[in-house]
Amino acid sequence: MKKITAVLASVLISAATLSAMSASAYEDDGYSPTLYFKAQESEDFIILNSGKVYYNKTAAKNDESTLNVNTYVRDDKKLIGGLIARWQTDPAIKLTNLKQPETLPYYVSEPYYKVSLTGNKDKNFLNVYYPQITMTEQNVKDPNYHFYFDVTGENTDDYPLASFDALVTKDTPTGEYSVDFIYDNLGGTQMLYKPTADDRKLFYPTEETAPGLKIGVTDRLLGDIDNSGNVDGSDATLCLKAFGKIVNGQSSGLTPEQEICADVDGNGSIDGSDATLILKYFSYQLSFGDTDFNELIKSNLNK
Ligand SMILES: [Ca+2]
Ligand SMILES: [Ca+2]
């Protein structure tokens, strides 16, 4: 595998040299493709409005819970000619079961095209290569061989590059986790694309163009800041108090467990929107009886 990585990296690098040679003909319009993850809701996980995943280990029905995640590329201009996506996470969460989708997001053209899915268990990372190029002298000399495929889907959400599982257990320590694309220029996440018909460009995503998937692991219900076992007005009050402190430049005054469950929209900060969502959930429960936060999130009332 190492060999293929090295070969592909060197091919991509030689393409970058080509790009530099013709750079004068190319005007950068700021366009870049993006990569992203989307997790699927399941028994032990809630997907928050921001896409962040919430895991309450106290309520989890399984000792080991499987979060299914899809990896996508968005390339509205359909310029990509090849990509390597590599991602990893904290050792407390295991990444496994990497699969290619039934419908590939790219048009497949033989003989060059082959998707490769690999990973490294010890280092806890997964890789997707589109395509895994079969290297021959002739291929290298063919200036078009990178570009024998194109995005198939109109909506990239219908066409993941790959799916995988993230395993979270009751022993996973409380905390904020993230499945992150690996950003490095030597065999890490990279995309080769053609900004113009005769140009090719190597693009290395950053956190902005390839954001990670956030996973909050805690010991209590979403929004139950005081851990009373239900979500109500007291939790909204605690949330507003924490917000007030943050606004005044102080720390929230909450424990890490509380902070994770207070950020109910998962946008990374505790503020008035979170308090509003907590109150909405409280009144939703009063109207509809014993429901879970998931149902509010899926309803139209959560925005
Ligand atoms: Ca409570
Ligand atoms: Ca928030």
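Right above here is the structure, for reference.
Residues numbered from 1 in each chain as written. Chains lettered and ligands numbered in written order. Predicted model: local features only at pLDDT ≥ 70, side-chain atom pairs only at ≥ 80, totals over all residues. Heavy atoms only, no water.

Colleague: How would you summarise unusual backbone geometry if you had to cite specific residues and measurements?
Modeller: With phi around 60°, N97 is a residue other than glycine that occupies positive phi space. Mapping N97 onto the fold places it in strand β6 (residues 94–99). Assessed through its relative accessible area of 37%, N97 is described here as partly exposed. Of note, N227 is a non-glycine position whose phi angle comes to about 55°, a positive value. Along the chain, the position of N227 falls in the loop between β13 (213–218) and α3 (233–247). (Helix = DSSP H or I, 4+ residues; strand = E, 2+ residues; numbered from the N terminus. Buried < 20%, exposed > 50% of the residue type's maximum accessible area, 1.4 Å probe, protein only.)

Colleague: Mind laying out the sheet that holds strand β9 (residues 162–169), listing which residues take part and the relevant values?
Modeller: Strand order in the open sheet made by the 4 strands is β1-β4-β9-β6, with antiparallel pairing throughout. Edge positions in the open sheet fall to β1 (34–39) and β6, since each of these has one partner strand only. Each strand axis lies, on average, 30° off the axis of its neighbour in the sheet, ignoring direction. Two strands pair when backbone bridges link them, and strand β4 (residues 64–74) and β9 are joined in this way by 8 bridges, in the antiparallel orientation. Of the residues in β9, the one forming a bridge with N70 is S163. (Pairing = 2+ DSSP bridges. Axes fitted to C-alpha atoms, helices over the stretch in contact; angles between N-to-C directions.)

Colleague: Describe the coordination of the calcium ion (ligand 2), listing the residues and the values that go with them.
Modeller: Every protein donor of the calcium ion (ligand 2) is accounted for by D263 (OD), D265 (OD), N267 (OD1), S269 (O), D274 (OD) and D274 (OD), and the metal-donor separations fall at 2.2 to 2.7 Å. Here the calcium ion (ligand 2) binds 6 donor atoms, and the angle range of 51 to 157° at the metal identifies the geometry as irregular. The sequence motif formed by the donor residues of the calcium ion (ligand 2) is D-x1-D-x1-N-x1-S-x4-D. For N267, a relative accessible area of 43% puts it in the partly exposed group. The exposure class assigned to D274 is buried, which follows from its relative accessible area of 0%. (Donors = N, O, S within 2.8 Å, 3.2 Å for Na, K, Ca; no water. Tetrahedral: all angles 85-135°; square planar, octahedral: opposite > 155°, others 65-115°.)

Colleague: Describe in detail the pattern of salt bridges, supporting the description with residues and values.
Modeller: As enumerated under the stated definition, the model contains 4 salt bridges in all. Residue D76 is joined to R74 by a salt bridge in which the shortest nitrogen-to-oxygen separation is 3.4 Å. For D76, a relative accessible area of 59% corresponds to the exposed category. Given the relative accessible area of 31%, R74 is considered partly exposed. Ionic pairing is found between R220 and D219, a salt bridge with its closest N-O pair at 2.8 Å. With a relative accessible area of 10%, R220 lands in the buried category. (Salt bridge = Lys/Arg side-chain N within 4 Å of Asp/Glu carboxyl O.)

Colleague: Any details on the packing of aromatic side chains? Residues and values, ideally.
Modeller: The relative placement of two aromatic rings is captured by the distance of their centres and the angle of their planes. All told, the structure shown has 9 aromatic pairs when counted by the stated rule. Arranged with centres 5.2 Å apart and planes meeting at 20°, the rings of Y36 and Y72 form a pair that is stacked. Of this pair, Y36 sits in strand β1 while Y72 sits in strand β4, and the two are 36 residues apart along the sequence. Each member of the pair, Y36 as well as Y72, is classed as buried. Measuring from centroid to centroid gives 4.3 Å for F37 and F181, while their planes differ by 5°, and the two rings are stacked. In this pair, F37 sits in strand β1 while F181 sits in strand β10 (residues 175–181), placing the two residues 144 residues apart along the sequence. Here the aromatic residues F37, W87, F164 and F181 are joined through ring pairs into a cluster of three or more. (Phe/Tyr/Trp six-rings, centres within 6.5 Å; stacked < 30°, edge-to-face > 60°.)

Keep in mind these values describe shape, not function.
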